[in-house]
Structure formats: C-alpha cells, structure tokens
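Take a look at the letters that make up each chain.
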Amino acid sequence: MRGPGAAPPAAPPLARTSHLPQVTVRQLTLPQEWPPGTFDLIVLSEVLYYFDRDTLDDILRRTASALEPGGTLVTVHWNHPVAEHLWTGDELAGVLASVPGLALLADHREDDFALQTFGRANPDGSPPASPAADEGLV
C-alpha cells in the first residue's frame, strides 16, 4: 500500500533506460554468466557480501579485466552484520582496495554503508585521470 501523495513505484531499469541507446540492462548470475566485452562503468552494489573468498576474488579479477583503461568501478555495501552476508561493507572495502590494476578514487564510509569508487589503471600503469583532468578542466 502507498499513502496519499506517495511517489509512484520506480519503473523497471529496462524501461527507465529505453531511450538511452548506449545503455544495456541485463540480469545475470555472477560469476557464471559474466558478460563479454569491456565497460567504462561497472556498478557492484549490495551483492559482493554474498560470495565466499574464492568466488569474490574471481569476480573482482573479472571486474578489473572487464573495465576499459580509465574505466570506473563503483561499489556500495551495507555495513551491519546480516546472517546471509559473509562480509560487511568495511571488510569488502579492504578486499577491494587490494585488487591489482584498480586505483581507489573515492572512499565514503558511514555507519550504515561503505561506498568506494575505483579507476582502472591506464595501459602504461599510470593511475586513471580525475574527472576534472579527463574533461580538461585542470
């Protein structure tokens, strides 16, 4: 039930992005159905804490390999213990920070969640440019 004046339910992702030809929405089972190709943005939100260490390492290796050089990985995870979760957001943050080829760009922590943004290193091994540098603003 929704009360008076409540916002309508959000449209499914496919409907919300149908006017954006550069956006593809797919539901996959990780890691078995890893999508082919490379991407400029990967978002892993509220999912990594369900995986054991070996599977987590596999997913993060695939993620780093699937990012375009200079591409962005965004992660956000709940930071309180949950029976079904093998990790907290803070624990995952430490694992993510050790992934080869990814540079930590932003790290925001609150009591409830950990949000991090990483960039894939450039082909020469240098860290990715900041958004301002990438746009020629600095």
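First, a word on what this report is: a plain description of the structure on this page. What you are looking at is a predicted structure, and each value in this text was computed from that prediction instead of being measured. (Residues numbered from 1 in each chain as written. Predicted model: local features only at pLDDT ≥ 70, side-chain atom pairs only at ≥ 80, totals over all residues. Heavy atoms only, no water.)

1. A look at the side chain of His-85
Working step 1: For His-85, the position within the fold is in the loop between strand E2 (67-78) and helix H3 (89-97).
Working step 2: Those residues in contact with His-85 that lie beyond four places of it in its chain are Tyr-49, Tyr-50, Trp-78 and His-80. (Helix = DSSP H or I, 4+ residues; strand = E, 2+ residues; numbered from the N terminus. Contact = heavy atoms within 4.5 Å.)

2. Points about the environment of Phe-39
Working step 1: Relative to the helices and strands, Phe-39 is located in strand E1 (residues 39-45).
Working step 2: For Phe-39, the contacting residues outside a window of four places in its chain are Ala-66, Leu-67 and Glu-68.

3. Some details on the environment of Pro-36
Working step 1: As for its placement among the helices and strands, Pro-36 is situated in the loop between helix H1 (13-16) and E1.
Working step 2: On the accessibility criterion, Pro-36 (67% relative accessible area) is exposed.
Working step 3: Along the sequence, Pro-36 and Ala-66 sit 30 residues apart, while their C-alpha atoms lie 8.1 Å from each other. (Buried < 20%, exposed > 50% of the residue type's maximum accessible area, 1.4 Å probe, protein only.)

4. Here's the deal with the nonpolar core
Nonpolar side chains in soluble globular proteins tend to be buried together.
Working step 1: With 20 residues, the main nonpolar core has Leu-48, Leu-56, Leu-60, Leu-73, Leu-92, Leu-96 and Leu-102 as its most contacted residues.
Working step 2: Counting residues per element, the ones that place at least two in this core are E1, helix H2 (53-66), E2 and H3.
Working step 3: The element contributing the most residues to this core is H2, with five residues. (Core = buried A, V, L, I, M, F, W, Y, C linked by side-chain atoms within 4.5 Å.)

5. Here we look at the sheet that holds E1
Working step 1: Read across the open sheet, the four strands follow the order E1-E2-E4-E3; overall the sheet is mixed. If you trace the sheet from one side to the other, it starts and ends with E1 and strand E3 (102-109), each paired once. This sheet shows a mean twist of 15° between the axes of neighbouring strands, independent of strand direction.
Working step 2: Note that E3 and strand E4 (residues 113-120) share seven bridges and pair antiparallel. Within the sheet, the bridge partner assigned to Ala-103 lies in E4 and is Gly-119.
Working step 3: Contacting E1, E2, E3 and E4, H2 runs over the sheet at an angle of about 140° to E2.
Working step 4: The strands touched by H3 within the sheet are E2, E3 and E4, with E4 carrying the most contacts at an inclination of about 15°. (Pairing = 2+ DSSP bridges. Axes fitted to C-alpha atoms, helices over the stretch in contact; angles between N-to-C directions.)

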